[in-house]
Amino acid sequence: GYFARTNNFITGLINPAFSTMTIGANGVKTYINIPYANVYGAEASALLRPGKFIIVSSLRYTGANDNMGNAMPLIAPLKNINSARYQGSDFFVQFESEAALKQERYSSKAGEDATSGFHLLHVRAGFHFNIRKTGVDVQAGMENMLDKKYHEHTDWGNISRPGRNVYVQLQYSF
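Quick caveat, the model's predicted, so the values are computed rather than measured. (Residues numbered from 1 in each chain as written. Predicted model: local features only at pLDDT ≥ 70, side-chain atom pairs only at ≥ 80, totals over all residues. Heavy atoms only, no water.)

Novice: Help me get a handle on the layout of surface pockets, residues and values and all.
Specialist: If you add up the space inside the largest pocket, you get close to 200 Å³. Every element with two or more residues in the lining of the largest pocket is listed here: β1 (2–14) and β2 (29–48). (1 Å grid on protein atoms, 1.4 Å probe; cavity = no way out; pocket = protein on both sides within 12 Å on 5 of 7 lines; lining within 4 Å. Points joined across faces, edges and corners; volume = space filled by probe spheres on them. Helix = DSSP H or I, 4+ residues; strand = E, 2+ residues; numbered from the N terminus.)

Here it is, written out as structure tokens:
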């Protein structure tokens, strides 16, 4: 767990006296100095290695308040990431689950709104071999396998993250 108090904190708030110059903008921010802000939270991780499997789970929560008890901007909700990996001698296969709760503590004064929770599934695999005493790794994966439309609370303007994403990576070590 952790707690931090920052004195003379500078934060950006929407100033309703200014008109926006961009269509669809939430407003224009001005930066002010507040007496203090408190940031608190907790993180926990677990790692298990049964045989050729590696199982990792992490949980993270952060909260923050200004000197008046209002929610601070750009604070993500509770998030959990779990992965299970089978590690062979020359290859691996890994499945991941990534989930975040709905964020209901947000700073409307900074132009934020509530964000929905989400749950994503990812898969990754890799293979290692040698060519003339040089290592070659080929990795491939699919992120957001179910093509879920989502965005993180910290994404500006609620712009969605990429949908299903497939990648291939080749690494040549010499």
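Novice: Tell me about the sheet that holds strand β3 (residues 53–66), and please be specific about residues and values.
Specialist: Two pairing modes exist for strands in a sheet, parallel and antiparallel, and in both the strands are linked by backbone hydrogen bonds. Pairing is antiparallel in the open sheet, where eight strands are placed in the order β1-β2-β3-β4-β5-β6-β7-β8. In this open sheet, the two edge strands, each paired with only one partner strand, are β1 and β8 (165–173). Here the strands of the sheet are splayed against their neighbours by 20° on average, with no regard to which way each runs. Pairing analysis gives twelve bridges linking β1 to β2, with the strands arranged antiparallel. Within β2, the position partnered with Thr-6 by the bridge is Ala-37. (Pairing = 2+ DSSP bridges. Axes fitted to C-alpha atoms, helices over the stretch in contact; angles between N-to-C directions.)

Novice: Go over the packing of aromatic side chains with me, naming the residues and quoting the values.
Specialist: Going through the model one piece at a time under the given rule, you end up with five aromatic pairs. Relative to Tyr-86, the ring of Phe-53 has its centre 5.2 Å away and its plane inclined at 65°; by these criteria the two rings are edge-to-face. On the criterion of sequence distance, the pair formed by Phe-53 in strand β3 and Tyr-86 in strand β4 (residues 79–87) is long-range, its members being 33 residues apart. Since its relative accessible area comes to 42%, Phe-53 is described here as partly exposed. (Phe/Tyr/Trp six-rings, centres within 6.5 Å; stacked < 30°, edge-to-face > 60°. Buried < 20%, exposed > 50% of the residue type's maximum accessible area, 1.4 Å probe, protein only.)

Novice: Provide a residue-level description of the pairing of β3, including the pertinent values.
Specialist: Bridge count between β2 and β3: twelve bridges; the pairing is antiparallel. In the strand pairing of β3, Leu-48 is matched with Ile-55. Where β2 folds back on β3, the antiparallel hairpin that results is connected by four residues, among which Gly-51 adopts a positive phi of roughly 65°. Where β3 lies against β4, eight bridges are found, and the strand directions are antiparallel. The residue of β4 that forms the bridge with Ile-55 is Ala-84.

Novice: A description of the nonpolar core should follow, citing residues and the corresponding values.
Specialist: One finds Ile-34, Ala-37, Ala-64, Met-72 and Ile-75 forming the largest nonpolar core, which totals five residues. Excluding residues that lie within four positions of it along the chain, Ile-75 makes contacts with Thr-62, Gly-63, Ala-64, Gln-103 and His-153. (Core = buried A, V, L, I, M, F, W, Y, C linked by side-chain atoms within 4.5 Å. Contact = heavy atoms within 4.5 Å.)

Novice: Explain the side chain of Thr-11 residue by residue, including any values.
Specialist: Summarising the element assignment, Thr-11 is placed in strand β1. Among residues more than four places away in sequence, those in contact with Thr-11 are Thr-30, Tyr-31, Ile-32, Ile-34, Met-72 and Pro-73.

Novice: Describe a nonpolar patch on the surface, listing the residues and the values that go with them.
Specialist: A contiguous nonpolar surface patch, about 270 Å² in accessible area, is contributed by Leu-48, Phe-53 and Ile-55. By the secondary structure assignment, Leu-48 is in strand β2. (Patch = residues over 30% accessible without salt bridge, like charges linked within 9 Å, V, L, I, M, F, W, Y side chains within 5 Å. Areas by Shrake-Rupley, 256 points an atom, 1.4 Å probe, with all protein chains shown as cover. Salt bridge = Lys/Arg side-chain N within 4 Å of Asp/Glu carboxyl O.)

Novice: Lay out unusual backbone geometry with the relevant residues and their values.
Specialist: Positioned with a positive phi, Arg-132 is a non-glycine residue whose angle comes to about 50°. Tracing the chain through its elements places Arg-132 in the loop between β6 (118–131) and β7 (134–143). Not every positive phi belongs to a glycine, and Asn-144 is a case in point at roughly 55°.

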